[in-house]
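# Coordinates in review
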Amino acid sequence: MSYFRAEIEAMAGYTPGEQPQEGRVIKLNTNENPYPASPAVAEAIDAAVRRGLSKYPDATATAFRHRAAEVLGVDPDWILCGNGSDDILTIVTRAFVGPGQMLRLPYPSYVLYKTLAQIQGAKSEEVYFREDWSLGEEFASADGDPRIVFLPNPNSPTGTVIPPEDVLHLARQLPCPMLVDEAYADFAEAHCMGLVAEEEKILVSRTLSKSYALAGLRFGYVVAQPQLIRQLAKVKDSYNCDALSIAAATAAIDDQAWLAENRAKILRTRDRLTAAMRELGFATIESQANFTWNPHPELPVKPLYEQLKQRGILVRYMNYPGWADGLRISVGTDDQIDACLDHLRAMV
Ligand SMILES: *Cc1c(COP(=O)(O)O)cnc(C)c1O
């Protein structure tokens, strides 16, 4: 006999990428930014600590929303903040999908969406990407009565992008909202932020974990029309963002010069990584994110992951049944990527 809900007993639970806590590994497995965050972040945290932590934080992260609103060109009441964008995904799932109802996601994509459906006692439906990384009309179909559709754009693990005009087209056909998960949009050529004002059904989530180098901080947000934000706000924990993360995230988004410089460095290294992996025989997909997806048409790649790990280089081995397996390699510094490539050259 179990005390737990059947859904919880039955599910496997989401397995995040390994986070070794000792310093020597070259960590290219969870798409963290290899560079330190803007120096303004540490100053803002120091100042917040000096102000004291005895009081509860601002429940709606007003300072962040005001600064982000200017950067994004929306109103502050179009923004809801979360303890990382995973918190946003949880809030959205809980708000839109009831037990037994259905959530739709593309395949292959971010595995967490399915886990969120399982926790909720909801069903999930996976729609395969087409050969050209677009999504067919079935992604926008009303069949099965979807309650929310998740679209990571750029997608993980592929790094591919659906153009905003296609996203708008899909959203307009859907009977339910679509959350465009833009965790990697700062590395891409296009994004969907401008669609939120055009189409009520489109919500866009972002995180400071990747492009702002703040994965350890936990801060993300969603942009949607205010009548949706008001409903989502009922679902969140009262104080889901703490005083230090609000101060830090506000300073981070304020430093757009840091973002532009960091982005340029990452894109240069990404392009070099892509070319080098193809030279090694991998079928590396052109990426618009801060990682590349590397299947190999002939060699089994799991042993490569294992050998790299033995040599202190951690990449992500991913196996998607019915699609492919491959190595997802985060764009590190040039030195880290060179070390990874040197080891791979000796193996393949
Ligand atoms: C990293 C990632 C997130 C989560 O970001 P956090 O803000 O760190 O929770 C969400 N979606 C996708 C697709 C990601 O890769």
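This structure is a prediction, so every number in the text was calculated from the model and none was measured. (Residues numbered from 1 in each chain as written. Predicted model: local features only at pLDDT ≥ 70, side-chain atom pairs only at ≥ 80, totals over all residues. Heavy atoms only, no water.)

## Some details on the side chain of N294
Mapped onto the elements of the fold, N294 is located in strand β9 (residues 291–294). A polar contact is formed between the side chain of N294 and the side chain of T284, at a distance of 2.7 Å. Among the polar contacts made by the side chain of N294, one reaches the side chain of T292 at a distance of 2.9 Å. Each residue touching N294, except ones within four places of it in the same chain, is listed here: M277, F282, T284, V301, G326, L327 and I329. (Helix = DSSP H or I, 4+ residues; strand = E, 2+ residues; numbered from the N terminus. Polar contact = N/O pair within 3.5 Å; in protein donor to acceptor, adjacent residues only side chain to side chain. Contact = heavy atoms within 4.5 Å.)

## Some details on the packing of aromatic side chains
Summed over all chains, the structure comprises 15 aromatic pairs. Arranged with centres 6.1 Å apart and planes meeting at 75 degrees, the rings of W293 and Y320 form a pair that is edge-to-face. Residue W293 is located in strand β9, and its partner Y320 is located in strand β10 (residues 313–320); the two are separated by 27 residues in the primary sequence. Take W293 and Y320: they sit in the same class, and that class is buried. Three or more aromatic residues joined by ring pairs make a cluster, and in this case those are Y107, Y128, F129, W133, W293, Y320 and W323. Of note, K265 hangs over the ring of Y35, and the distance from its end group to the ring centre comes to 4.0 Å. (Phe/Tyr/Trp six-rings, centres within 6.5 Å; stacked < 30°, edge-to-face > 60°. Buried < 20%, exposed > 50% of the residue type's maximum accessible area, 1.4 Å probe, protein only. Lys NZ or Arg CZ within 6 Å of the ring centre and 35° of its normal.)

## Observations concerning the domain arrangement of the chain
Each domain of the chain was delimited in the assignment, giving domain 1 (6–30 + 257–347) and domain 2 (39–255). Look at where the C-alpha atoms of domain 1 and domain 2 centre, and you get two points 24 Å apart. On the side of domain 2, 31 residues touch domain 1, which itself brings 28 residues to the contact. Together, the buried faces of domain 1 and domain 2 total about 2,600 Å²; carbon and sulfur atoms form 62% of this surface. (Domains from an automatic or database assignment. Buried area = accessible area lost by both parts, 1.4 Å probe.)

## Focus: the site of the ligand
What surrounds the ligand is the set G84, S85, D86, Y110, D181, A183, Y184, T207, S209, K210 and R218. Here an oxygen atom of the ligand sits 2.5 Å away from a polar atom, N or O, in the side chain of Y184. Interatomic distance of 3.0 Å between a side-chain N/O atom of K210 and an oxygen atom of the ligand. Contact with the protein chains removes 93% of the 390 Å² of surface that the ligand exposes when unbound. For the shell around the ligand, the per-class residue count stands at three nonpolar, four polar and four charged. (Near = heavy atom within 4 Å. Areas by Shrake-Rupley, 256 points an atom, 1.4 Å probe, with all protein chains shown as cover. Nonpolar A, V, L, I, M, F, W, Y, C, P; charged D, E, K, R; others polar.)

## Quick notes on the environment of S330
Within the fold, S330 resides in strand β11 (residues 324–330). For S330, a relative accessible area of 2% puts it in the buried group. In this structure the C-alpha to C-alpha distance between S330 and G136, which are 194 residues apart in sequence, comes to 29 Å. Not counting the four nearest positions on each side in its chain, S330 is found in contact with L28, N29, T30, N31, N290, F291 and I337.

## Describing the sheet that holds β11
Read across the open sheet, the four strands follow the order β1-β10-β11-β9; overall the sheet is mixed. Single-partner strands in this sheet number two, and they are β1 (26–28) and β9. Taking each pair of neighbouring strands and ignoring which way they run, the sheet shows an average axis angle of 30 degrees. This element, helix α12 (residues 334–347), spans β1, β10 and β11 of the sheet and lies at about 90 degrees to β1. (Pairing = 2+ DSSP bridges. Axes fitted to C-alpha atoms, helices over the stretch in contact; angles between N-to-C directions.)

## Examining the nonpolar core
Of all hydrophobic cores here, the largest spans 54 residues; its most connected members are F64, M178 and F219. In terms of residue count, helix α9 (residues 243–254) provides more of this core than any other element does, five residues in total. Both domains that meet at this core, namely domain 1 (6–30 + 257–347) and domain 2 (39–255), each give it at least three residues. Apart from the residues within four sequence positions on either side, M178 is in contact with F139, I148, V149, L151, V167, L170, A171, K201, I202 and L203. One finds Y184, M277, A289 and V301 within the second-largest nonpolar core, a separate group that totals 30 residues. (Core = buried A, V, L, I, M, F, W, Y, C linked by side-chain atoms within 4.5 Å.)

## Concerning the packing of helix α3 (residues 62–72) against α9
Contact pair α3 / α9: the axes reach a minimum separation of 9 Å and the direction vectors enclose 15 degrees. Viewed along their axes, α3 and α9 adopt a mutual orientation that is roughly parallel. Considering the relative orientation of α3 and α9, their crossing is left-handed. In this structure, α3 uses A63, F64, R67, A68 and V71 to contact α9, whose residues at the interface are A249, T250, I253 and D254. Each residue belonging to the contact of α3 with α9 can be placed in one class, and the counts come to six nonpolar, one polar and two charged. (Parallel < 35°, antiparallel > 145°, perpendicular 65-115°, else oblique. Left-handed = near helix turned anticlockwise from the far one by under 90°.)

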